[in-house]
Amino acid sequence: MEMDKKRDLILEKFMEEFDIGMKYMKDQVRHNLYDGLTGWLLNPIASWLYKIFVAPSIRDHALDNFNTLLECAQEFNGNEVCMDSAIKIIEERFDELTENDPSYQRFDKKHEKAEEMIQLIKEGFAQQLLLTKKLIDSPGETYEEIIRNAFKTRNTFMQFTDEQLENTLRGLNLLVTENKLLKVPSLIKKQTQRLLRKGYDYTVERAYIQVDEIFPK
């Protein structure tokens, strides 16, 4: 398959899942927190949460980072495709990636746990880079075929998925337990933390749905 066609297949699936997640988070802001209120976007709390979680610019930033990771996937240059190599590549493009990353923009860089959070974000990008590299190097005519050829077995794909989810959970726990780390107005901090947890739970649900669809039991 031509690289452009493979890229389009991977991008289509990535943005499909992103849009599903965005719709879920928008529903959480609009219905679960402010059910029954008319003009919810005029409510200042709801408006702030909307900007944090589901503003249209977030989708544009996600697309920009996808394209950056595709470029990064070409930078292994024969080096071993492993976490250490991926981290080195990510560090070279870190400023570019974090410019488009909402999680990076929403924590206090002067907090005592900031370096731990930054390392988790680097590892998260490195995991995404490893996935991108695996997919563009894998043969297949559909996204499902590409995944199956990249990971070979359900257990291998599940292990990789669990590692990504574990990294996300560690970052979430930092933002929730370290009260001053999360840089949002105090008026919406509890709602933001609640939405972050809901978003993570939904991410886990969608991830395991994909595992079952691609590698049925």
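Summarised in this report is the structure supplied together with it. The model shown is predicted, which means the values in this text are computed figures rather than measured ones.

Quick look at the overall build of the chain now. Secondary structure assignment for the chain yields 10 helices and 0 strands. Scanning the chain from its N terminus toward the C terminus, one meets helices and strands in the order α-α-α-α-α-α-α-α-α-α. In terms of its C-alpha atoms, the chain occupies a principal-axis envelope of roughly 50 × 35 × 30 Å. Classification of the 217 residues of the chain by burial places 47% in the buried group. When the accessible area of the chain is evaluated, it comes to approximately 12000 Å², of which 49% is carbon and sulfur surface. Looking at the chain, you have 31 positive and 38 negative side-chain charges, and the mean spots of the two groups are 6 Å apart.

Moving on: the nonpolar core. Ranked by size, the top nonpolar core spans 55 residues in total, and within it Ile90, Phe107, Leu129, Leu135, Ile147 and Phe151 carry the most contacts. When residues of this core are assigned to their parent elements, the largest contribution, 12 residues, is made by helix α7 (residues 114–136). With near-sequence residues (within four places) excluded, Leu135 lies in contact with Lys6, Ile10, Tyr143, Ile146, Ile147 and Ala150. Residues Leu172, Tyr200, Val204 and Ala207 belong to the second largest nonpolar core, which totals 5 residues.

On to the state of the cysteines, then. Counted under the stated rule, the structure contains 0 disulfides. Of all cysteine sulfurs in the structure, the one in Cys82 sits closest to Cys72, which takes part in no disulfide; the separation is 15 Å. The exposure class assigned to Cys82 is buried, which follows from its relative accessible area of 18%.

Relative to the elements of secondary structure, Arg93 occurs in the loop between α4 (83–92) and α5 (94–99). The class for Arg93 is buried, based on a relative accessible area of 13%. Separated by 2.7 Å, the side chains of Arg93 and Glu71 make a polar contact. At 2.8 Å, the side chain of Arg93 forms a polar contact with the side chain of Glu75.

Among the residues of α4, Ser85, Ala86, Ile87, Ile89 and Ile90 are the ones counted as buried. On the buried face of α4, the contacting elements are α3 (56–73), α5 and α7.

On to the packing of aromatic side chains. Taken as a whole, this structure holds 8 aromatic pairs when the rule is applied. Ring centres of Tyr24 and Tyr202 lie 4.0 Å apart, and the angle between their planes is 0°; this geometry places the pair in the stacked category. One end of the pair, Tyr24, is in helix α1 (residues 3–32); the other, Tyr202, is in helix α10 (residues 189–214), with 178 residues separating them in the sequence. Judged by its relative accessible area of 16%, Tyr202 is buried. Ring centres of Phe157 and Phe215 lie 5.9 Å apart, and the angle between their planes is 50°; this geometry places the pair in the tilted category. Here the residue Phe157 occupies a position in helix α9 (residues 154–177), and Phe215 occupies one in the segment after α10, the gap between them amounting to 58 residues. The ring of Tyr104 carries the charged tip of Lys109 above its face, separated from the ring centre by 4.5 Å.

With that out of the way, let us pick up the environment of Ile90. Looking at the secondary structure, you find Ile90 in helix α4. In sequence terms Ile90 and Lys190 are 100 residues apart; their C-alpha atoms lie 32 Å from each other. The residues contacting Ile90, other than those within four sequence positions of it, are Leu69, Leu97, Lys122, Phe125, Ala126 and Leu129.

What counts, and at which threshold
- Sequence order as written defines residue numbering, which begins from 1 separately in each chain.
- With the structure being a predicted model, the display of local features is reserved for residues of pLDDT at least 70 and the display and counting of side-chain atom pairs for 80 or more, all residues being used for whole-chain, interface and lining totals.
- Side-chain numbers here rest on the full set of heavy atoms in the structure, without hydrogens or water.
- Labels follow the DSSP assignment, with helices taken as runs of H or I lasting at least four residues and strands as runs of E lasting at least two, numbered in each case from the N terminus.
- The rule is simple: take the accessible area with a 1.4 Å probe, protein chains only, and divide by the maximum for that residue type; under 20% is buried, over 50% is exposed, in between is partly exposed.
- Each accessible area is a Shrake-Rupley estimate made with a 1.4 Å probe; only the visible protein chains count as cover when residues are assessed.
- Under the convention used here, Asp and Glu are negative, Lys and Arg are positive, and both His and the chain ends fall outside the count.
- The atoms used to mark charge sites are NZ of Lys, CZ of Arg, CG of Asp and CD of Glu.
- For the purposes of this section, nonpolar cores are sets of buried Ala, Val, Leu, Ile, Met, Phe, Trp, Tyr and Cys residues that join through side-chain atoms within 4.5 Å.
- Any pair of residues with heavy atoms lying within 4.5 Å of one another is described as a contacting pair.
- Note on disulfides: each one is a pair of cysteine sulfur atoms within 2.5 Å.
- Distance and chemistry together define a polar contact, namely a pair of N or O atoms within 3.5 Å, with one atom able to donate a hydrogen and the other to accept it when in protein, and with adjacent residues in sequence counting only for side-chain atoms on both sides.
- Planes of paired rings set the category: under 30 degrees apart is stacked, over 60 is edge-to-face and the rest tilted, where pairs are Phe, Tyr or Trp rings (Trp by its six-membered ring) whose centres lie within 6.5 Å.
- By definition, being over a ring means that NZ of Lys or CZ of Arg is both within 6 Å of the ring centre and within 35 degrees of the ring normal.

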